[in-house]
Amino acid sequence: MSTRRTRPAPRPPEGTPPRTELARQARAVLADAVRIAHWAAGAPAPGSSAPLAAQALERAATALELSPAQVRAGWDRARLAGLIELHGDTARPGWRLRAWDRDDSAVLRGWVALFDAWSLVHAAPEGIETGAVAEAVEAVPQVLSLLQLSAGPVPVPALLDLLAQRIAELQEERCEVPYGAGRAPLESAPADGRPAPAPTSVPVPAPAPSADRNADLDALLLDWALEGLAAVGALTLGNGHATLTPLGNWAVWVKLEQICVAAQSPAGNIEQSAADMLLGCARLTPGPARDEYRAWLAARTVGSAVAELLAVARGEDALLRGLAFEALRVVGAPAEPEVRAVVDHSSLRPYALLWLAEYEGGDPDDAQEILSREEATWLWVDTAAAVADHGETGLLVRHLDSAVQGTVPALLDEVRAVGHPRTVQVLVALAAAHPDPALAKAVRRAAFQVHTGGA
């Protein structure tokens, strides 16, 4: 067993309120969203699309004594913070709403989800290209870092300089063909007097926009970003300056700390692909493995990390499939839509159902209540395949005890019928590992029947 030095739990910056106070502030920011979520959870068919349906909007405004604009804003915030979930035409309370009054951690996670979605809460100015908006969103963490390190008001011109510098860096990083590189050389006429060939058509970059135009665009984008962050309670705007709220200061510190953890990833997995990272975590105990997952995730955008983990889960390695969903548990709420989308994928369905049940507050040990008999049997075979490929023979024998069937003959009957692609290999490995000759013989017979298609 390998040992490693554990990193002490980091302390928030001096002056950061306790979590109970931060949670109180988060509840205040999301008060209207919580009221609308409770209303939506009890209202018939509030609407299945992202905007609240017109009739439901009027009903909510009347019932809650809010303006339609307030209802619409609260509805969006409730969805983004995980307070409500849409299932067809029905709005259901999210697990955070059920835990809202008693679980400060759930409240803070909900507010951080809203903080991460600030660019969706506050619509970008019209007439600005999508690429420019995306660059601004990518550059905003630099602005937030300056605000957090300054620990006080920061003049808007300083923030504008930093935003413009970061956007310029992003544009330079993505520029693959320097200006003028596509200009075709002059062709001389051939010596035999034939006409010179037509010059090759090459794209010539458009003239660079003026500095004044760039400055105006950057200023407009900064104003939009600051207003969006203020709308979610992350900062306050004064006369020519911006200041992080205690909530915003804490959230930025948490994200900076995650980056530090990623940079100090003890197993060196931060630079690895999802598959290599998961293999590197396979022999770690759950706590250190979760630290590695967090380090790897902190170095990537949530969307790309979730997509990469699910791509690994769709592969043939059953061990990586299970570990991918363990890593997705660390991702939490941002992974919920993608996990829900793979429920109909046969190889991922049991894992996705268990993940969603745990996400919604269920007990992961109650798999028999969450999965059908067939799904539980499929998961048993998949787990056995992971043990056969990567574990010890003793683990494979002990894995028999986890089967829902209770008896080996019943297990073999249902394993033969479930259609897992690794059934034969699992049964052969189990027969080779089991010390009971009679049971091993029955397992080998079942493997032969699956292989030949017999009953």
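Owing to the predicted nature of the structure, the values given are computational and were not obtained by experimental measurement.

**Student:** I'm lost on helix H12 (residues 274-281) in this one. Help?
**Tutor:** Those residues of H12 that sit buried are Ala 274, Met 277, Leu 278 and Cys 281. Each buried residue of H12 sits inside an arc of 95 degrees when the element is viewed along its axis, so together they form one side. Among the structural elements, helix H13 (286-298), helix H14 (302-313) and helix H15 (318-331) are those in contact with the buried residues of H12.

**Student:** Mind showing me how you'd approach H15 here?
**Tutor:** Along an α-helix, residues three or four apart share an orientation, since each turn contains 3.6 residues. For H15, built from 14 residues, the straight-helix expectation of 20 Å at 1.5 Å per residue is met to within 8% by its first-to-last C-alpha distance of 20 Å. Of all 14 residues in H15, 11 are buried, a share of seventy percent or more. The inward-facing, buried residues of H15 contact H12, H13, H14, helix H16 (336-341), helix H17 (349-359) and helix H19 (373-390). The distance from a side-chain oxygen at the start of H15 to the backbone nitrogen of Leu 319 is 3.0 Å, and the residue carrying that oxygen is Asp 317.

**Student:** Which parts of the structure should I look at to understand the pattern of salt bridges?
**Tutor:** Any two side chains of opposite charge can pair if their charged atoms end up close together. One pass over the structure, following the stated rule, counts 12 salt bridges. The residue Arg 340 makes a salt bridge to Glu 336 at a minimum N-O spacing of 2.5 Å. Residue Arg 340 and its partner Glu 336 are both found in helix H16; the two are separated by 4 residues, about one turn of the helix. A salt bridge links Asp 413 to Arg 416; the nearest nitrogen and oxygen atoms lie 2.5 Å apart. Residue Asp 413 and its partner Arg 416 are located together in helix H21 (residues 408-418), separated by 3 residues, close to a single helical turn. Taken together, the salt bridges that share partners define one network made up of Glu 326, Arg 329 and Glu 358.

The rules behind the values
Residues numbered from 1 in each chain as written. Predicted model: local features only at pLDDT ≥ 70, side-chain atom pairs only at ≥ 80, totals over all residues. Heavy atoms only, no water. Buried < 20%, exposed > 50% of the residue type's maximum accessible area, 1.4 Å probe, protein only. Helix = DSSP H or I, 4+ residues; strand = E, 2+ residues; numbered from the N terminus. Arc of directions from axis to C-beta. Contact = heavy atoms within 4.5 Å. Expected span 1.5 Å × (residues − 1). Polar contact = N/O pair within 3.5 Å; in protein donor to acceptor, adjacent residues only side chain to side chain. Salt bridge = Lys/Arg side-chain N within 4 Å of Asp/Glu carboxyl O.

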